Amino acid sequence: MWLAGESIRGILLDVEGTTTHVDFVYETLFPYARQNALNFLRQHWISAEVQTDIRGLREQHALDQSQGLQPPPLKLDSPEAELASTLDYLNWLMDRDSKATPLKSLQGKIWEEGYGAGTLKAHVFPDVPKALQRWSRQSKVISIFSSGSVLAQKQLFAHTIAGDLTGYIRHYFDTTTGPKRDPESYRRIASAIGLESSTIVFLSDVKEELDAAQSAGMRTMLCLRPGNRPQPAGAPHATICTFDDLLP
């Protein structure tokens, strides 16, 4: 591979379309969250963690209104009205594939219950477990950066079809670090990991995310996985179809 192994000390991975097939996210995880959101909210509404997410949703709702996006109204007339309108707004956000942090936090909590019950088992591509093992033996610092919450990331890698892979992963980052298309997010990640940006390679299936990481000084590789959306022609990033080719 074109990357010199000794110059790479950290490997930063996207999830959807990189370690995991996009269909698992869109055809399993998202529908599961939608189908179980009402029961989850009813059971956990008064918990401190869920109430933090609810407050975050109200702030996001106000932002969506200010931007003229016309979200469904949040009603506070009664507990049932608040619950129903919150669910409507969650569904509206999911319909838009929103990356809003409170939405991702709630989805992560719903999926956590699904993984715990054995209802969910996470997909990873066959080359992923082998690569994580190999990179760990090479003393590379392996981290995840996804729009899904840190909780969702940890649960996914703890409950994969290949077993628990969390022992190989040192750091997890989500949208609380910053947007995935903002170079500053990658500078924060490099600082948190404790490595120079130039010694980290970021793998993703989205050109704009790679552009941001590259602007922050990271190496970049565009993942060409089955089911991934085509990216703009002439993207200035090396491509990779399997992790077998990276630092073998």
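Below you will find a few notes about this structure. Remember, it's a predicted structure, so these values are computed and weren't measured experimentally.

Thresholds, definitions, all that
Residues numbered from 1 in each chain as written. Predicted model: local features only at pLDDT ≥ 70, side-chain atom pairs only at ≥ 80, totals over all residues. Heavy atoms only, no water. Phe/Tyr/Trp six-rings, centres within 6.5 Å; stacked < 30°, edge-to-face > 60°. Helix = DSSP H or I, 4+ residues; strand = E, 2+ residues; numbered from the N terminus. Buried < 20%, exposed > 50% of the residue type's maximum accessible area, 1.4 Å probe, protein only. Lys NZ or Arg CZ within 6 Å of the ring centre and 35° of its normal. Salt bridge = Lys/Arg side-chain N within 4 Å of Asp/Glu carboxyl O. Core = buried A, V, L, I, M, F, W, Y, C linked by side-chain atoms within 4.5 Å. Contact = heavy atoms within 4.5 Å.

### Quick notes on the packing of aromatic side chains
Thinking step 1. Counted under the stated rule, the structure contains six aromatic pairs.
Thinking step 2. Pairing Phe30 with Trp111 gives two aromatic rings, centres 6.3 Å apart and planes at 15°, and the pair type is stacked. Of this pair, Phe30 sits in helix H1 (residues 22-44) while Trp111 sits in helix H4 (residues 101-117), placing them 81 residues apart in sequence. As far as burial versus exposure is concerned, Phe30 and Trp111 are alike and both buried.
Thinking step 3. Considering the side-chain rings of Phe145 and Tyr186, the 5.3 Å spacing of their centres and the 80° angle between planes classify their relative orientation as edge-to-face. Taken as a pair, Phe145 in strand E2 (residues 141-145) and Tyr186 in helix H7 (residues 183-193) lie far apart in primary sequence, 41 residues in all.
Thinking step 4. Among the aromatic side chains, those forming a connected cluster through ring pairs are Tyr26, Phe30 and Trp111.
Thinking step 5. The ring of Phe145 carries the charged tip of Lys180 above its face, separated from the ring centre by 5.5 Å.
Thinking step 6. Over the face of the ring belonging to Phe243 we find Arg225, whose NZ or CZ atom lies 4.6 Å from the ring centre.

### A short note on the pattern of salt bridges
Thinking step 1. Under the defined criterion, the tally for this structure stands at 10 salt bridges.
Thinking step 2. In this structure, the salt-bridge partner of Asp14 is Lys180, at a minimum N-O distance of 2.6 Å. With a gap of 166 residues between them, Asp14 in the loop between strand E1 (10-13) and H1 and Lys180 in the loop between strand E3 (171-173) and H7 connect regions that are remote in the sequence. By the burial criterion, Asp14 is buried, and Lys180 matches it.
Thinking step 3. Across the pair Asp95 and Arg34 runs a salt bridge, and its minimum N-O distance is 2.7 Å. In this pair, Asp95 sits in helix H3 (residues 79-95) while Arg34 sits in helix H1, placing the two residues 61 residues apart along the sequence.
Thinking step 4. Judged by its relative accessible area of 34%, Arg34 falls in the partly exposed class.
Thinking step 5. Through salt bridges with shared partners, a single ionic network connects Asp14, Lys180 and Glu209.

### A short note on the nonpolar core
Thinking step 1. Leu13, Leu41, Trp111, Trp135 and Leu203 are the most contacted members of the largest nonpolar core, which has 54 residues in total.
Thinking step 2. Of all the elements, H1 adds the most residues to this core, at nine residues.
Thinking step 3. Setting aside chain neighbours within four positions, we find Leu203 in contact with Ile11, Leu12, Leu13, Asp14, Thr18, Leu210, Met221, Cys223, Ile240, Phe243 and Leu246.
Thinking step 4. Counting 17 residues, the second largest nonpolar core, distinct from the first, contains Ile193, Phe202, Ala213 and Met218.

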